[in-house]
Amino acid sequence: MLCTECQKRTATLHYTQIINGEKTEVHVCEVCAQKKGYSFPGDEPYTLHDLLTGLFNVTSPGLDVKEDNFFNQFNELTCDHCQLSFSEFQRIGKFGCTNCYDTFKAKLPAIFRKVHSGNTKHDGKIPKRKGGNLHIKKEIERYREYLQQLIKEENFEEAAVIRDRIKDLEKLQGGNES
Amino acid sequence: MSLEQFMNEAISPWMRVEGPENDIVLSTRIRLARNFEKVTFPIIANEDELRSVIEFMKENYEGKSYANYQNLAFIEMEDLSHIEKRVLVEKHLISPFLTKARASGVLVSENEQLSIMVNEEDHIRIQLYFPGFQMKQALDHAFELDDWLEEKIDFAFDERWGYLTSCPTNVGTGMRASVMIHLPALVLTKRINQMIPAINQFGFVVRGIYGEGTEALGNLFQVSNQITLGKSEEDIVEDLESVIINLVEQEREARHYLLHTSGKKLEDQIFRSYGILKYGRIIESQEASARISDVRLGVDLGMIKDVSHNVLNELMVLTQPGFLQHYAKKVLTTSERDVLRATLIRERLNI
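The paragraphs below set out a description of the structure included in this document. Values in this document were obtained by computation on a predicted structure and should not be read as measured data.

**Side note on the packing of aromatic side chains**
Piece 1. Per the stated rule, a full pass over the model turns up 15 aromatic pairs over all chains.
Piece 2. Seen in terms of ring centroids, W14 of chain B and Y129 of chain B are 5.3 Å apart; in terms of plane orientation they differ by 10 degrees. Their pairing is stacked. Taken together, the residues W14 of chain B in the loop between α1 (3-8) and β1 (25-34) and Y129 of chain B in strand β5 (residues 124-131) connect sequence positions 115 residues apart.
Piece 3. Take Y129 of chain B: its relative accessible area is 9%, and that puts it in the buried class.
Piece 4. Look at F36 of chain B and F56 of chain B: their rings are 5.5 Å apart centre to centre, the planes differ by 90 degrees, and that puts the pair in the edge-to-face class. Within this pair, whereas F36 of chain B is found in the loop between β1 and α2 (47-61), its partner F56 of chain B is found in helix α2, the two being separated by 20 residues in sequence.
Piece 5. F36 of chain B sits in the buried class, given a relative accessible area of 10%.
Piece 6. The rings of F86, F89, F95, Y101, F104 and F112 of chain A together with W161 of chain B are connected pair by pair, giving a single aromatic cluster.

**What to know about the sheet that holds strand β4 (residues 114-118) of chain B**
Across a sheet, strands are paired by hydrogen bonds formed along the backbone, either parallel or antiparallel in direction.
Residues and elements named next belong to chain B.
Piece 1. Here we have eight strands laid out as an open sheet, ordered β2-β3-β4-β5-β1-β8-β10-β9, and antiparallel in their pairing. Because the sheet does not close on itself, it has two edges, and the strands there are β2 (73-76) and β9 (204-208). Taking the axes of each pair of neighbouring strands and ignoring which way they run, one obtains an average angle of 20 degrees across the sheet.
Piece 2. Where β4 and β5 come together, five bridges link them in antiparallel fashion. By the bridge assignment for β5, V118 is matched with I124.
Piece 3. Running at roughly 140 degrees to β9, helix α7 (residues 192-201) makes contact with β9 and β10 (220-225) of the sheet.

**Comments concerning the pattern of salt bridges**
Piece 1. Considering all chains together, one arrives at 32 salt bridges over all chains under this definition.
Piece 2. Its salt-bridge partner being R91 of chain A, residue E88 of chain A comes within 2.6 Å of it at the nearest N-O pair. Placement of both E88 of chain A and R91 of chain A in helix α4 (residues 86-92) is noted, with a separation of three residues, approximately one turn of the helix.
Piece 3. The buried category is assigned to E88 of chain A, whose relative accessible area is 1%.
Piece 4. Note that K137 of chain A is salt-bridged to E159 of chain B, the shortest N-O span being 2.4 Å. Of the two residues, K137 of chain A is situated in helix α7 (residues 134-152) and E159 of chain B in the loop between β6 (157-158) and β7 (162-163); the pairing between them involves two chains.
Piece 5. Classification of E159 of chain B by relative accessible area gives partly exposed; the value is 38%.
Piece 6. Through salt bridges with shared partners, a single ionic network connects K94 of chain A together with E120, E121, D122 and R125 of chain B.

**Thoughts on the packing of helix α11 (residues 321-328) of chain B against helix α12 (residues 334-349) of chain B**
Residue and element names in this part refer to chain B.
Piece 1. Interaxial distance between α11 and α12 falls to 10 Å at its minimum, and their mutual angle equals 85 degrees. Here α12 runs roughly perpendicular to α11, going by the angle between their axes. Along the contact surface, α11 presents P321, L324, Q325, Y327 and A328, while α12 presents R337, L340, R341, L344 and E347.
Piece 2. When its residues are assigned to classes, the contact of α11 with α12 shows six nonpolar, one polar and three charged.

**Remarks on the interface of chain A and chain B**
Piece 1. Contact with chain A, which involves 42 residues of that partner, is made by 45 residues of chain B.
Piece 2. Buried surface at the junction of chain A and chain B, summed over both partners, amounts to about 3,900 Å²; 59% is from carbon and sulfur atoms.
Piece 3. Our count for the contact surface shared by chain A and chain B stands at six salt bridges.
Piece 4. Residues D146 of chain B and K125 of chain A are paired through a salt bridge, measuring 2.7 Å at the closest nitrogen-oxygen approach.
Piece 5. Counting the contacts that link chain A with chain B gives 21 residue pairs in polar contact (both at pLDDT 80 or more).
Piece 6. A per-element tally of the side of chain A that touches chain B places helix α6 (residues 108-115) of chain A first, with four residues.

**Regarding the pairing of strand β3 (residues 105-108) of chain B**
All names here are of chain B.
Piece 1. Side chains of β3 alternate between two faces, with G105 and L107 and V106 and V108 buried alike.
Piece 2. Relative to β3, β2 runs antiparallel, the two sharing four bridges. Each bridged residue has a counterpart across the sheet, and for E76 the counterpart in β3 is G105.
Piece 3. Relative to β4, β3 runs antiparallel, the two sharing four bridges. When the bridges of β4 are listed, G105 appears paired with V118.
Piece 4. Counted between consecutive antiparallel strands, the loop separating β3 from β4 contains five residues, among which E112 sits at a positive phi close to 60 degrees.

Rules used in this analysis
Residues numbered from 1 in each chain as written. Chains lettered and ligands numbered in written order. Predicted model: local features only at pLDDT ≥ 70, side-chain atom pairs only at ≥ 80, totals over all residues. Heavy atoms only, no water. Phe/Tyr/Trp six-rings, centres within 6.5 Å; stacked < 30°, edge-to-face > 60°. Helix = DSSP H or I, 4+ residues; strand = E, 2+ residues; numbered from the N terminus. Buried < 20%, exposed > 50% of the residue type's maximum accessible area, 1.4 Å probe, protein only. Pairing = 2+ DSSP bridges. Axes fitted to C-alpha atoms, helices over the stretch in contact; angles between N-to-C directions. Contact = heavy atoms within 4.5 Å. Salt bridge = Lys/Arg side-chain N within 4 Å of Asp/Glu carboxyl O. Parallel < 35°, antiparallel > 145°, perpendicular 65-115°, else oblique. Nonpolar A, V, L, I, M, F, W, Y, C, P; charged D, E, K, R; others polar. Buried area = accessible area lost by both parts, 1.4 Å probe. Polar contact = N/O pair within 3.5 Å; in protein donor to acceptor, adjacent residues only side chain to side chain.

As structure tokens, then:
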């Protein structure tokens, strides 16, 4: 949804305004919200945003947004699915959709490293359907590590068993893909 | 299951079961954040997209059951009054954020152990509670529920980043594991102040419940994981488990120490609080929390024999502003609440 004020950026703040009993919905981006006085600093729990903005190493534009910034924003990275720009992402500290992860992928490792103690790769649950062959891939990876260890220990008997198991898994992986 | 049933009891059915270590650990929670792959995240989505998520969840899960989680009720936020929303927040069935989100709702199981928030910061937030200290069980069940939902939903997932969430702080596992823990002796001996920074260094956060910042109302703390990326759910839960085991041990030791060094003083404080709860006529929320904490400690130490954990758990929720007003069936001023609070506490403790 585009900001109803500037029609350029994505609306990230949504209000219901009631004036003399008349209800109007307001959908604006953070820049217009601050300009038009829709958002009141301290009104919302902004602490997490502030914290994140700090982590992302961005200078917060504060209340006086310079007009020149607008043009810079056009040239910069913008998600083609939800129209969230990278600077807007930094400001609100939230992704707008799945596609944002792809659009901003070059910048993400640095951000995730700060938020997740240096980690940049998922090492947990994999969805059953969506994950596809990932389960097998992870298992092969695990077996390969184990195989290296067995070879180091010169436990060749067990290593042969593991090597066969890896082969079976690779076959399974190939079969599923076709 | 109607909304009324969730509203009328302050204590959820699952809380009535005594869990392991429940003299110190009140409850365990696992929360998983998930999103629909093809739908814009709630913060940006338009009304139609949000409605489509609501309708999908309603159509596929309302009235459905999985294992112990029977007969899911769907409650839409826009159908609730301000007080009703507050009650659900005080019962921890929904987050304060959900009450403000557009086109949002929640699925709640009959035993109130499972709640699935819809269109919170993420499309789906699975929340599962267990009484006492039961991390592994909670994780196993949460995974099963996650698989159950995945049968019908294409979750936003990426090989490298894991489950994709709106906030970078949840990406990866999308999991927040937390434990609600009562630490009166560590607070009294001020040892808690040294322990919190150490726990933070392990990547876990300690927060007061109902209170702001480090000041914990009623000596209740919530300990949860900070990191969601690069560490498996099992590892996170295992690490949190060892942090909690340590906290429980330290709390037991501090209780022992207090009993031996200032037993009479402690007993006096506990029974004074018991007296105030039993006979007071006006009591503020903050004082009520502190007194209830003292009485809970008295029960755990065997000093008070005629009060159950259940009554205290119930009082914790019952004495919150939303619940009091729901009980009175009208909006109350602060001083009216303080009188009603004292009345309800007296009634519960003098049965």
